[in-house]
Amino acid sequence: MSKGIILLAAGGTGGHLFPAEALAHELKGRGYSVHLVTDSRAERFAGKFPADEVHVVPSATFGSKNPVAMLKTGWKLWTGLRAARRLISRLKPLAVVGFGGYPTVPPLMASTGMGVPSMIHEQNAVMGRANKALASRVQAIAGGFLPETDGPYAAKTVTTGNPVRPAVLAAATIPYTASRGDAPFNLVVFGGSQGAQFFSSAVPTALSLLDPADRQRLVITQQARPEDEGRVNSCFAKLKAPVSVSPFFSDMAERIAAAHLVICRSGASTVSEVSVIGRPSILVPYPYALDHDQAANAAALVAAGGAEVVPQAQLSPERLSSMIAQAMREPDRLEAVAAAAKLAGKPDAAVALADMVVALAERMPISEFKTTYRGARA
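If you're wondering where the values come from, they're calculated on a predicted model, not measured in any experiment.

Engineer: Tell me about the overall build of the chain, and please be specific about residues and values.
Structural biologist: Check the secondary structure of the chain and you find 15 helices and 13 strands. A compact globule built from 378 residues would reach a C-alpha radius of gyration of about 21 Å, and the chain, at 21 Å, matches this within 12%. In terms of principal-axis extent, the alpha carbons of the chain reach across some 65 × 55 × 40 Å. Sorting the 378 residues of the chain into buried and exposed places 54% on the buried side.

Right, here's the structure in full:
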């Protein structure tokens, strides 16, 4: 028999949904029912999400200053708030947990207004706009990289780390084995949930500049947007290297585990998963993020010696080619970087976050939970 319902709310991208999925698995294992509120973008991830039910509530973001557009957005948010209130009245959840993204705003506004214990989880080192709007209303804040000792909400913030999916935890059991001599070298390239256009141009060009002997060793996995997929495949065909190109890989955790080097953006889930699995990486923060959160996320892993970071503006194909060539010829260095990345990872983040959610559902004050949590970590 279920202990009760926990309602999770998340935007429909992998960065928001993957940590929510990891928490859902942990809560289900503890006997709770889990419901998910999200948007239509989540459909391609929904197959692996262990929710008893998935609910779509209207929401929108203020992306335009046009008065008509702002009125439409305001009406959609009001409609979403009313729908969320009806949903919460029907489900009677023990707690509501938001994971960021504009679809979380109506459910969390509703739950906090109705007196339901509520909290948010912020994946990044810099709080996103939706979570920032909700932070003053919720009882507790869990953070992937947020500091517990600084900022206006430090008193109710706990740095749990970012929960990672069971597939990532399974991949983390596979030890890193460097590629030596003429052995195949697995290169995995991805950039967020839909791939990065920059990588679709830069990586094939960079690989074409490698020495032929290095190119012959390559086995490539590259995530590319649908509109770039054909062009990327065409470029790789000229290199005659084994390659898998797709907008989305359902087995990305296994592919990261098989990688000798990862080239990727530095979104919070990406940094967390690469570090938990323990693979050396070249991180290229997304340069157009409003709060430069990806650069901040990368900083912690770089400081631990678990990655290299290069701003996109400084990463020419020539420089990237040189970095890949150097990595292929320095297996001992890659082993050391992989080990440092793994030490920086937090594989128990889902357990810590679930502990926090259960404490919230049982209406334990956040100050009491922080004391208990710190004692357990000591």
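Engineer: Can you lay out the side chain of Thr221 for me, pointing to particular residues and giving the numbers?
Structural biologist: Tracing the sequence through the fold places Thr221 in strand 9 (residues 218–223). Here Thr221 is in contact with Leu187, Val188, Val189, Ser244, Phe249 and Arg255, once residues within four sequence places are set aside.

Engineer: Please set out the pairing of strand 5 (residues 118–122) residue by residue, giving values where relevant.
Structural biologist: Where burial is concerned, most of strand 5 is hidden: five out of the five residues are buried. Along strand 5, one buried face is formed by Ser118, Ile120 and Glu122 and the opposite face, lined by Met119 and His121, is buried too. In the sheet, strand 4 (residues 95–98) pairs with strand 5 via three bridges, with the strands oriented parallel. Counterpart to Gly98 in the pairing with strand 5 is Ile120. In this fold, strand 4 hands off to helix 3 (residues 105–113), which returns the chain to strand 5; that crossover is right-handed. Bridge count between strand 5 and strand 6 (residues 140–143): four bridges; the pairing is parallel. Of the residues in strand 6, the one forming a bridge with Ile120 is Ile141.

Engineer: Account for helix 11 (residues 293–303), with residues named and values stated.
Structural biologist: Every buried residue belonging to helix 11 is among Asp293, Gln294, Asn297, Ala298 and Leu301, and all of these are buried. With its buried residues spanning 130° around the axis, helix 11 presents them on a single face. Following helix 11 by one or two positions, Gly305 has its phi on the positive side, about 80°.

Engineer: Got a sec to walk through the pairing of strand 8 (residues 185–190)? Specific residues and values, please.
Structural biologist: Among the six residues of strand 8, five are classified as buried, and the element is accordingly described as predominantly covered. Bridge count between strand 8 and strand 9: five bridges; the pairing is parallel. Its bridge partner being in strand 9, Phe185 is matched across the sheet by Leu218. Sheet topology note: the strand 8/strand 11 (residues 261–264) ladder contains four bridges and is parallel. Bridge assignment links Val188 to a residue of strand 11, and that residue is Val262.

Engineer: Describe a positive patch on the surface, naming the residues involved and giving the relevant values.
Structural biologist: Taken together, the side chains of Arg82, Arg85, Arg86 and Arg137 make up a positively charged region of the molecular surface. When you line up the elements, Arg137 lands in the loop between helix 4 (129–134) and strand 6.

Engineer: Before we move on, could you go through unusual backbone geometry and cite the residues and values that matter?
Structural biologist: Glycine aside, residues mostly have negative phi angles, and peptide bonds mostly take the trans form. One non-glycine residue, Lys92, lies in positive phi territory at about 50°. Along the chain, the position of Lys92 falls in the loop between helix 2 (67–91) and strand 4. The phi torsion at Lys240 lies on the positive side, around 55°, for a residue other than glycine.

Engineer: Summarise the pattern of salt bridges; cite the residues concerned and give the values.
Structural biologist: Scanning the entire structure with this criterion turns up 14 salt bridges. For the salt bridge of Asp332 with Arg180, the shortest nitrogen-to-oxygen distance reads 2.9 Å. Note that Asp332 is positioned in helix 13 (residues 331–344) and Arg180 in the loop between helix 5 (166–171) and strand 8, a separation of 152 residues in sequence. What makes Asp332 exposed here is its relative accessible area of 52%. On the accessibility criterion, Arg180 (39% relative accessible area) is partly exposed. Among the salt bridges present, the one from Arg333 reaches Glu308, with a minimum N-O distance of 3.7 Å. With Arg333 in helix 13 and Glu308 in strand 13 (residues 308–309), the pair connects residues that are 25 residues apart, well separated along the chain.

Definitions and limits used
Residues numbered from 1 in each chain as written. Predicted model: local features only at pLDDT ≥ 70, side-chain atom pairs only at ≥ 80, totals over all residues. Heavy atoms only, no water. Helix = DSSP H or I, 4+ residues; strand = E, 2+ residues; numbered from the N terminus. Rg over C-alpha atoms; globule rule 2.2 N^0.38 Å. Buried < 20%, exposed > 50% of the residue type's maximum accessible area, 1.4 Å probe, protein only. Contact = heavy atoms within 4.5 Å. Pairing = 2+ DSSP bridges. Right-handed = clockwise from strand over helix to strand, strands pointing away. Arc of directions from axis to C-beta. Patch = residues over 30% accessible without salt bridge, like charges linked within 9 Å, V, L, I, M, F, W, Y side chains within 5 Å. Areas by Shrake-Rupley, 256 points an atom, 1.4 Å probe, with all protein chains shown as cover. Salt bridge = Lys/Arg side-chain N within 4 Å of Asp/Glu carboxyl O. Lys, Arg positive; Asp, Glu negative; His and termini not counted. Charge placed at Lys NZ, Arg CZ, Asp CG, Glu CD.

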